[in-house]
Amino acid sequence: VQLQASGGGLVQAGGSLRLSCEVSGRTFSSYGMGWFRQAPGKEREFVATVNWIGGGTVYADSVQGRFTISRDNAQNTVYLQMSSLKPEDTAVYYCALGRSRYSRSSQSDYGYWGQGTQVTVSS
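All of the points below concern the structure found in this document. (Residues numbered from 1 in each chain as written. Predicted model: local features only at pLDDT ≥ 70, side-chain atom pairs only at ≥ 80, totals over all residues. Heavy atoms only, no water.)

**Here's the deal with the state of the cysteines**
As enumerated under the stated definition, the model contains one disulfide in all. Between Cys-21 and Cys-95 runs a disulfide, and the two sulfur atoms are separated by 2.0 Å. What sets the handedness of the Cys-21 and Cys-95 disulfide is the S-S torsion sign, and at about 60° it is right-handed. Taken together, the positions of Cys-21 in strand E3 (residues 17–24) and Cys-95 in strand E9 (residues 91–98) put the pair 74 residues apart, joining distant regions of the chain. Both residues of the pair, Cys-21 and Cys-95, count as buried. (Disulfide = S-S within 2.5 Å. Helix = DSSP H or I, 4+ residues; strand = E, 2+ residues; numbered from the N terminus. Buried < 20%, exposed > 50% of the residue type's maximum accessible area, 1.4 Å probe, protein only.)

Here is the structure:
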């Protein structure tokens, strides 16, 4: 199973980025997906999750209203649209493939992880 995340970069505060994560080696449409992030010196934390058919979305309070998770099962890809970015959103962002079809916020509910993509928001 491989998860290839992309789309990170450097953006000014208030800007937008869209992260993508393409999954191969599993029946993508059968599993929930999640995005997590890890800032320097901090533990990895939950960002957003979506169930196998694109519903059941859940967001961390810190990104609610600014980030949107979605998926395209025909493309085996999950997205994270990030808007109104803040310097505190700076982190390495990881996509993860769930152990079930449902949306979950706990890291233990994910069995496979992407390599991470760096997002840096300048003030």
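From this point on, the discussion continues.
**Some points on the pattern of salt bridges**
One pass over the structure, following the stated rule, counts three salt bridges. A salt bridge links Arg-37 to Asp-89, with the nearest nitrogen and oxygen atoms 2.9 Å apart. Within this pair, whereas Arg-37 is found in strand E4 (residues 33–38), its partner Asp-89 is found in the loop between strand E8 (77–82) and E9, the two being separated by 52 residues in sequence. Just as Arg-37 is buried, Asp-89 falls in that class too. Across the pair Arg-66 and Asp-89 runs a salt bridge whose closest N-O atoms are separated by 2.7 Å. Pair noted here: Arg-66 is in the loop between strand E6 (58–59) and strand E7 (67–72) and Asp-89 is in the loop between E8 and E9, with a separation of 23 residues, a long-range link. Among the residues examined, Asp-89 registers a relative accessible area of 0% and is labelled buried. One connected set of salt bridges, linked through shared partners, spans Arg-37, Glu-45, Arg-66 and Asp-89. (Salt bridge = Lys/Arg side-chain N within 4 Å of Asp/Glu carboxyl O.)

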